[in-house]
Amino acid sequence: MAAPVDDMFSLCVDPGKAAGGVEVRFIDNVKGKGLFARRSIKKGDSIFIERPLVSSQFLWNSLYKYKACEFCLRALETAEDNARRLSGIPGLSLPHPELCRVRPELHQACPQCQVMYCSSECRQAAAGQYHRVLCLGSSQEDPDHPLNKMKEAWRSLHYPPETSSIMLMARMVALVKQDKDKAHWQKLFSHFCSRTANEEEEIAHKLLGEKFRGQLASLHGLFRTALYDEHLSRWFSPEGFRSLFALVGTNGQGIGTSSLSQWVHGCDALELPAQQREQLDSFIDQLYKDIEKETGDFLNCEGSGLFLLQSSCNHSCSPNAEASFPDNNFLLHLRALGDIHPGEEICISYLDCCQRDRSRHSRHKTLRENYLFVCSCPKCVSQMDELDVTSEEEEEEEEGEAEGEAEGDEIEDEMTDV
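In this text, all values refer to a predicted model and were calculated from it rather than measured experimentally. (Residues numbered from 1 in each chain as written. Predicted model: local features only at pLDDT ≥ 70, side-chain atom pairs only at ≥ 80, totals over all residues. Heavy atoms only, no water.)

Looking now at the pairing of strand β11 (residues 332-336). For β11, a buried count of 4 out of 5 residues is recorded, marking the element as mostly surrounded by other parts of the structure. When strand β3 (residues 46-50) meets β11, the two strands line up antiparallel, connected through 4 bridges. If you follow Ser46 over to β11, its bridge partner there is Arg335. As paired strands, strand β10 (residues 321-324) and β11 are joined by 4 bridges and run antiparallel to one another. For Ala321, the partnering residue across the bridge sits in β11 and is Ala336. (Buried < 20%, exposed > 50% of the residue type's maximum accessible area, 1.4 Å probe, protein only. Helix = DSSP H or I, 4+ residues; strand = E, 2+ residues; numbered from the N terminus. Pairing = 2+ DSSP bridges.)

A few words on the packing of aromatic side chains. Applying the stated criterion across every chain yields a total of 11 aromatic pairs. Ring geometry for Trp60 against Tyr159: centres 6.1 Å apart, planes inclined by 25°, an arrangement best described as stacked. Pair noted here: Trp60 is in helix α3 (residues 59-63) and Tyr159 is in the loop between α6 (146-157) and α7 (166-178), with a separation of 99 residues, a long-range link. Of the two residues examined, Trp60 and Tyr159, each falls in the buried class. (Phe/Tyr/Trp six-rings, centres within 6.5 Å; stacked < 30°, edge-to-face > 60°.)

In this section: the sheet that holds strand β9 (residues 314-315). Pairing within the open sheet is mixed, and its 4 strands lie in the order β1-β2-β12-β9. With one partner strand each, in any of the chains shown, β1 (22-28) and β9 form the two edges of the open sheet.

Next up on the list: the packing of helix α4 (residues 79-87) against helix α13 (residues 259-268). As a packed pair, α4 and α13 sit with axes 8 Å apart at the nearest point and diverge in direction by 115°. Seen along the crossing, α4 lies across α13 with a hand that is left-handed. For the pair formed by α4 and α13, the contact residues are Ala79, Asn82, Ala83 and Leu86 on the first element and Ser259, Leu260 and Trp263 on the second. Residues belonging to the contact of α4 with α13 are distributed by class as follows: 5 nonpolar, 2 polar and no charged. (Axes fitted to C-alpha atoms, helices over the stretch in contact; angles between N-to-C directions. Left-handed = near helix turned anticlockwise from the far one by under 90°. Contact = heavy atoms within 4.5 Å. Nonpolar A, V, L, I, M, F, W, Y, C, P; charged D, E, K, R; others polar.)

Below is the structure:
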């Protein structure tokens, strides 16, 4: 059955408004729960804004000097510093610097381990929730510290682009360890979608590759050494660890923040004479070309989080809602992509725009491999009777992806040998 309302809406910025607009219902044993509209929702309306139960920056993203608040994932670089690093142009100056919302003067470091936060509020919130357990103090750079060994093991097993993080699991443990009401947090985490043992093994296989059994056992040992707590002994058993691994792998919502992106949006909103607008647009276009040449597609501070209410949203290849992070932090905004009627299910897409435009065959392949289900949304049902043969271009692309994965495996083996 669906979780109690006070649980499901407890992390919304306005719980009363959210509870008045949507409800969580149990659909069936296959789909589980879903999110449904209680009232009419207009296209463009904000359905709710939600904080994550727990979130974390990806470890590779952090290692590559994408600076984000340790608590809310807000980008810490100014738009200009961000643009200089991504473009490889150290002397670059951005016009309209007043549009940058980053405030370095407000940033604070943990006095013990020096990890950075965007504000004193975030530093205090992290300390109150989980950071006292995870703070490494003077051992922050010690490669032999159990937490650092666990992080390094994760990086060696899960190369970028990352889709999950061992640190989400670590923060789940730390939340429970620090709080006096341990049962409260365990209850909240229990509301996320659970999987069978076979599904959990398949998820581990997808995330860690062919040799996942040995890798998962190694990661489990490091996790247990770094964080064991007798109140959470179930989570530290091999089965419990695998369940946590599957939970974050399938329920984690990607989070992306960017001070440069916010600056660009600010520029777009400026009312300028035609010539100045043309010059500014030309500058931004060239900047993105320089960044693409230097950095490629990895522009944002990236991580993932567990969102209690948003996790109730099922997938559709023709979604009527979309999750985004316009505040440049971990606050998830769910907005309507079209008019939604009372009683209608609210669905998001687990696929990006390019993937949604591909054939039903390709969409189902991606969803089976990454989310372990076969989509039966209206778009897919309407295509059931159509000739659904993957186009030659898609076949070539999929073959190229397979070859790329094989080459990646060879590279990983070579790195392991080194």
